[in-house]
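Now for the letters of each chain:
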Amino acid sequence: MHDPASPSSSSEPTDAVSPQAPADVVEEVMAWYSRALLAERRASHPDPERLEHLLARRQECVRDRARLEEADAEETARIAASYAARLKELEATGP
């Protein structure tokens with residue numbers, strides 16, 4: 001648990017994972033799905049299967065974001081790693 005009384009150091013390594021980082025990466029993936037949903041809905045012929053897939057994946061993000069609130073350190077690390085890999089994959093494929 002984070003001790004609010006302990007000062008945070010700006011000299012921490014940039015690859016250190018802050019307590020907020022797992023939630024941030026989940027929210028970045030969620031935002032990617034939101035943008036993809038919007039683009040698909042605006043398409044001249046939206047693909048119902050793609051819409052369903054995107055909605056399901058976004059809902060998965062919502063559930064995982066909520067799970068972070070109660071997750072232990074191991075589960076938090078697993079979720080963060082999974083979402084970091086997914087974000088990298090999604091960004092490589094485009095919207």
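Since the model is a prediction, treat every value here as computed from it, not as a measurement.

Overview of the nonpolar core
Stage number 1. Among the nonpolar cores identified, the biggest contains 17 residues, and Val26, Val29, Trp32, Tyr33, Leu54, Cys61 and Tyr83 are the most heavily contacted of them.
Stage number 2. Only helix 1 (21-42), helix 2 (48-67) and helix 3 (73-93) provide two or more residues apiece to this core.
Stage number 3. For this core, the leading source of residues is helix 1, giving 9 residues.
Stage number 4. The contact partners of Val26, leaving out residues within four places of it in the chain, are Cys61, Arg65, Leu68, Ile79 and Tyr83.

Structural notes on helix 2
Stage number 1. Between its terminal C-alpha atoms helix 2 stretches 29 Å, which fits the 28 Å expected from 20 residues at 1.5 Å a residue.
Stage number 2. Turning to helix 2, its buried residues number three or more, namely Leu51, Leu54, Cys61 and Asp64. The buried residues of helix 2 all sit within an arc of 155 degrees when viewed along its axis, so they share a single face. Exposed residues on helix 2 whose side chains face more than 90 degrees from its buried face are Pro48, Glu49 and Glu52.
Stage number 3. Buried residues along helix 2 sit against helix 1 and helix 3.

Things to note about the packing of helix 2 against helix 3
Stage number 1. Interaxial distance between helix 2 and helix 3 falls to 11 Å at its minimum, and their mutual angle equals 150 degrees. On the basis of the axis angle, helix 2 is roughly antiparallel to helix 3. The crossing of helix 2 and helix 3 is left-handed. Residues Arg57, Glu60, Cys61, Asp64 and Arg67 of helix 2 pack against Glu75, Arg78, Ile79, Tyr83 and Arg86 of helix 3.
Stage number 2. Looking at the contact of helix 2 with helix 3 residue by residue, the class counts come to 3 nonpolar, no polar and 7 charged.

Calculation notes
- Residues numbered from 1 in each chain as written.
- Predicted model: local features only at pLDDT ≥ 70, side-chain atom pairs only at ≥ 80, totals over all residues.
- Heavy atoms only, no water.
- Core = buried A, V, L, I, M, F, W, Y, C linked by side-chain atoms within 4.5 Å.
- Buried < 20%, exposed > 50% of the residue type's maximum accessible area, 1.4 Å probe, protein only.
- Helix = DSSP H or I, 4+ residues; strand = E, 2+ residues; numbered from the N terminus.
- Contact = heavy atoms within 4.5 Å.
- Expected span 1.5 Å × (residues − 1).
- Arc of directions from axis to C-beta.
- Axes fitted to C-alpha atoms, helices over the stretch in contact; angles between N-to-C directions.
- Parallel < 35°, antiparallel > 145°, perpendicular 65-115°, else oblique.
- Left-handed = near helix turned anticlockwise from the far one by under 90°.
- Nonpolar A, V, L, I, M, F, W, Y, C, P; charged D, E, K, R; others polar.

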